[in-house]
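Each chain, written out:
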Amino acid sequence: MTSSKNLFPQSRKMDDFQFEVLQGPLVDKFKTANQTFHSDGVIRMWPPGCAMFAEYRNHADRVRHLTVRKDDVWILTYPKSGTTWTQEMAWLLINNLDYETARKIPQTERSPYLELGCLVDEDTRRKANIADSVRAVEMLQSPRCIKSHLPLQLLPKQLWTVRPKIIYVARDVKDVAASYYHHYRLFFGYTGSCEDFVEAFLAEIVPYGSVWDHILDFWNIRHESNVMFNTFEEMKKDLPRVVQRTADFLDCTLTSEQMKRLCEHLSFESMKENRSVSHEDEMAKLRGKETNLVGKIEPFMRKGEVGGWKNDVTPQLEERLNVYTEGKLAGVGYELKYQE
Ligand code: PPS
């Protein structure tokens, strides 16, 4: 694989952004703990000062200038916050509850992950069977249901002028940290400990950077008429209520029978068994001989719980996560409803 370090300077000003290649012992430890996709390193991009896969610097301008459509639905989250769950709910709502197509066509095609193809260089992307995701979004028929984990400042500019519907989902950051650790093991063959991963998460050097900066930027615009702010915890506690609110937001009407069927389809047990959303096929490809990923893993649909972090996070790390959160939330007025 070509190292982009040889191709690009350590820092540069692009159309709208500046970046710096992150360095230091913590970054080196994080990079080398991953079996794939991190050899190019990690950069910090301004604005918003967010850690990203180094390759993203070659795509940031293209994403920023993507044409947004008024009837798009954008599912925006920090990784591991309930994205797949929300995509499935939103896609079905805007597609007349077409369960047949939802089962037949993988969610990754129906509702593409905007920046996926921008995270690794082209050679690796081809080997790992990852499509040009920006092109996939451009080619998608309306109404599009688009997934992105990008922080607010890296998203297409037209989101703020065209104003399509945006559904943001937040999750308790301790569960995010634990789920992201398992995601790293699954997708990138991360070999480090959970403790080391959380260390990198707290230092905001993992791709997508600071979870709280991500959440709070969308929390601050939650009252905009085209924005809906949901939480993983509320979806767990009262799924029909979130489905109803989302249906209203998307101008969809549901009978009680339709609501019942949709909630069944969206249950953890059902989604875990549903290959269209469980990422099983994608994982099989990724862990194939081209990438040589090894190591024991859990499935993408892992536990789907509130408070599952307790199985992975030590009391010392818990305390550090608490202090981190207190620091970020001081004077902000953010409330995570239904926290347990
Ligand atoms: S990703 O890779 O960032 O898009 O991941 P994301 O979809 O945001 O989050 C994955 C976690 O969501 C859980 N999940 C669910 N929980 C409950 N019910 C349903 N239907 C559901 N669907 C996905 C999934 O199990 C991951 O959480 P963890 O804690 O790792 O199990």
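(A) Summary view of the confidence of the model for the chain. With 92% of its residues at a pLDDT of 70 or more, the chain has an overall mean of 91. Note that residues 1–8 has pLDDT below 50 and, in this model, 16 contacts with residues that lie over four places away or in other chains.

(B) Region of the structure containing the site of the ligand. In the vicinity of the ligand, 22 residues are found, and the nearest of them are Thr83, Thr84, Ser179, Lys303 and Gly304. With respect to the ligand, the backbone of Lys80 contributes an N or O atom lying 2.8 Å from an oxygen atom. Between the ligand and Lys147, the relevant distance is 3.0 Å, taken from an oxygen atom to a side-chain nitrogen or oxygen of the residue. Summarising the interface, the protein chains cover 98% of the accessible area of the ligand, which totals 650 Å² for the free molecule. Counting residues per element, the ones that place at least two in the shell around the ligand are α4 (83–94), α10 (173–188) and α16 (268–273). Sort the elements by how many residues they give to the shell around the ligand and α4 lands first, with 3 residues. Residues that form the shell around the ligand fall into these classes: 8 nonpolar, 9 polar and 5 charged.

(C) Here's a closer look at α10. Here α10 is 16 residues long and its end C-alpha atoms lie 21 Å apart, about the 22 Å a rise of 1.5 Å per residue gives. Most of α10 is tucked away: 15 of the 16 residues are buried. Measuring from the side-chain oxygen of the N-cap residue of α10 to the backbone nitrogen of Lys174 gives 2.9 Å; that N-cap residue is Asp172. Positive backbone phi, approximately 60°, marks Gly189, located one or two places after α10.

(D) A look at the packing of aromatic side chains. A full pass over the atoms with the stated rule returns 23 aromatic pairs. Put simply, the rings of Phe30, Phe53, Tyr78, Tyr180, Tyr181, Tyr184, Phe187, Phe188, Tyr190, Phe197, Phe201 and Phe300 pair up and form one aromatic cluster. Taking NZ or CZ as reference, Arg110 lies 4.6 Å from the ring centre of Trp91, over its face. Cation over ring: Lys147 sits above Tyr113, and NZ or CZ is 4.2 Å from the ring centre.

(E) Representation of unusual backbone geometry. Omega for the bond connecting Trp46 with Pro47 falls within 30 degrees of zero, at -25°, which places this linkage in the cis form. Locating Pro47 in the fold gives a position in the loop between β3 (42–46) and β4 (50–53). For the bond from Pro47 to Pro48, the omega torsion is 10°, close enough to zero to count as cis. A positive phi is found at Glu204, a non-glycine position, where the angle reads about 60°. Note that Glu204 resides in the loop between α11 (194–202) and α12 (211–219). Classification of Glu204 by relative accessible area gives buried; the value is 16%. Positioned with a positive phi, His279 is a non-glycine residue whose angle comes to about 60°.

(F) Seen up close, the pairing of strand β7 (residues 165–170). Counting buried residues along β7, 5 of its 6 residues qualify, which places the element largely inside the surrounding structure. By the bridge criterion, 5 bridges tie strand β5 (residues 73–77) to β7 in an arrangement that is parallel. For Leu76, the partnering residue across the bridge sits in β7 and is Tyr168. As judged from the 5 bridges shared by β7 and strand β8 (residues 227–231), these two strands associate in the parallel manner.

(G) Inspection of the environment of Ser81 at higher detail. The residue Ser81 is located in the loop between β5 and α4 in this model. Excluding residues within four positions of it along the chain, Ser81 makes contact with Val169, Ala170, Arg171, Val176 and Phe232.

(H) Expanded view of the side chain of His182. Examined against the element boundaries, His182 turns out to sit in helix α10. Here the side chain of His182 touches Arg302 through a polar contact of 3.4 Å, side chain to side chain. Leaving out residues up to four positions away in the same chain, His182 has contacts with Glu298, Arg302 and Asp312.

(I) Summary view of the packing of α12 against helix α18 (residues 315–329). With their axes 10 Å apart at the nearest point, α12 and α18 run at an angle of 35° to one another. Considering only the axes of α12 and α18, their crossing is right-handed. Contacts between α12 and α18 involve Val211, Trp212, Asp213 and Leu216 from the former and Tyr324, Thr325, Lys328 and Leu329 from the latter. The residue makeup of the contact of α12 with α18, split by class, is 5 nonpolar, 1 polar and 2 charged.

Calculation criteria
Residues numbered from 1 in each chain as written. Predicted model: local features only at pLDDT ≥ 70, side-chain atom pairs only at ≥ 80, totals over all residues. Heavy atoms only, no water. pLDDT = per-residue confidence, 0-100. Contact = heavy atoms within 4.5 Å. Near = heavy atom within 4 Å. Polar contact = N/O pair within 3.5 Å; in protein donor to acceptor, adjacent residues only side chain to side chain. Areas by Shrake-Rupley, 256 points an atom, 1.4 Å probe, with all protein chains shown as cover. Helix = DSSP H or I, 4+ residues; strand = E, 2+ residues; numbered from the N terminus. Nonpolar A, V, L, I, M, F, W, Y, C, P; charged D, E, K, R; others polar. Expected span 1.5 Å × (residues − 1). Buried < 20%, exposed > 50% of the residue type's maximum accessible area, 1.4 Å probe, protein only. Phe/Tyr/Trp six-rings, centres within 6.5 Å; stacked < 30°, edge-to-face > 60°. Lys NZ or Arg CZ within 6 Å of the ring centre and 35° of its normal. Pairing = 2+ DSSP bridges. Axes fitted to C-alpha atoms, helices over the stretch in contact; angles between N-to-C directions. Left-handed = near helix turned anticlockwise from the far one by under 90°.

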